[in-house]
Amino acid sequence: GGTQVDISVIKKSDGSRMTVTLTRRGAGSKAADDEPKPEVKSAHVAAEPYRAPSPIVVAEPTFSPPTGHQFPVNHGWSSHTVSIQCATEGAEIRYSLDDAKDKVLYAGGGIQVKGDVRITAIALVHRGEETFASDPVQASYAVAAPPAPPPREPTPPPPEPAPPPPK
């Protein structure tokens, strides 16, 4: 007599299944008191040690054009564009400009650069309740100073007044 419980254990490495049967005998039950207690000489259940799932390694974001790029002066355009990519599938990219505390979700399409700027980006992967992050990376960009205007030709002196007509 007693309570019997079957427990199934699945080994994750190969998918095999093993069933272990446990029987509980209550101290106050008649059947448990009347039955001889079995002698357990040894028990062994072979199992692989538990391995925690390995963390996801998230690639650092990359910038295009690469850091250090100097954009030419715009002639009629309002800005230049920097794009950010991450090689880790499903990664979300967040970025900030010039040491801003809050990071903005990068939605693609590029970041408009109108002047000298430093962009800091990080890639994130969410798995269940856990979030894995890349190391933050920075890229700096400059916009070239406008060229100096061409030197002006010296202005010629005004013409001498014409002599008065003879009388």
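In short, a report on the structure.

About the criteria used
- Residues numbered from 1 in each chain as written.
- Predicted model: local features only at pLDDT ≥ 70, side-chain atom pairs only at ≥ 80, totals over all residues.
- Heavy atoms only, no water.
- Phe/Tyr/Trp six-rings, centres within 6.5 Å; stacked < 30°, edge-to-face > 60°.
- Helix = DSSP H or I, 4+ residues; strand = E, 2+ residues; numbered from the N terminus.
- Buried < 20%, exposed > 50% of the residue type's maximum accessible area, 1.4 Å probe, protein only.
- Pairing = 2+ DSSP bridges.
- Axes fitted to C-alpha atoms, helices over the stretch in contact; angles between N-to-C directions.
- Salt bridge = Lys/Arg side-chain N within 4 Å of Asp/Glu carboxyl O.
- Core = buried A, V, L, I, M, F, W, Y, C linked by side-chain atoms within 4.5 Å.
- Contact = heavy atoms within 4.5 Å.

1. What about the packing of aromatic side chains?
How two aromatic rings sit relative to each other is given by the distance of their centres and the angle of their planes.
Line of reasoning, step 1. Within this structure, the stated rule accounts for two aromatic pairs.
Line of reasoning, step 2. Between Tyr95 and Tyr106, the ring centres sit 6.1 Å apart and the planes meet at 80 degrees, which makes this aromatic pair edge-to-face. With Tyr95 in strand β6 (residues 92-97) and Tyr106 in the loop between β7 (104-105) and β8 (111-113), this residue pair connects regions lying 11 residues apart in the sequence. Judged on exposure class, the residue Tyr95 and its partner Tyr106 are both buried.

2. Thoughts on the sheet that holds strand β5 (residues 80-85)
Line of reasoning, step 1. The strand order across the open sheet formed by three strands is β3-β5-β8, and the pairing between neighbours is antiparallel. Of all strands in the sheet, those bounded by a partner on one side alone are β3 (62-64) and β8. Across the sheet, the mean angle separating the axes of adjacent strands is 30 degrees when strand polarity is ignored.
Line of reasoning, step 2. Sheet analysis places β5 next to β8, joined by three bridges and oriented antiparallel. Opposite Val82, over in β8, you have Ile111 as the bridge partner.

3. Some details on the pattern of salt bridges
Line of reasoning, step 1. Counted by the stated rule, this structure contains two salt bridges.
Line of reasoning, step 2. With its nearest N and O atoms 2.9 Å apart, the salt bridge here joins Arg94 to Glu92.
Line of reasoning, step 3. Under the relative-accessibility criterion, Arg94 is labelled partly exposed at 27%.

4. What about the nonpolar core?
Line of reasoning, step 1. Grouped together as the largest cluster of nonpolar side chains are 15 residues, with contacts concentrated most on Phe63, Val82, Ile84, Tyr95, Ile119 and Tyr141.
Line of reasoning, step 2. Those elements that provide at least two residues to this core are β5, β6, β8, β9 (117-127) and β11 (137-143).
Line of reasoning, step 3. Discounting residues that sit within four places of it in the chain, Ile84 has contacts with Pro61, Thr62, Phe63, Ile93, Tyr95, Tyr106, Ile111, Ile119 and Ala121.

It is worth stressing that arrangement in space is one thing and function is another; only the former is reported here.
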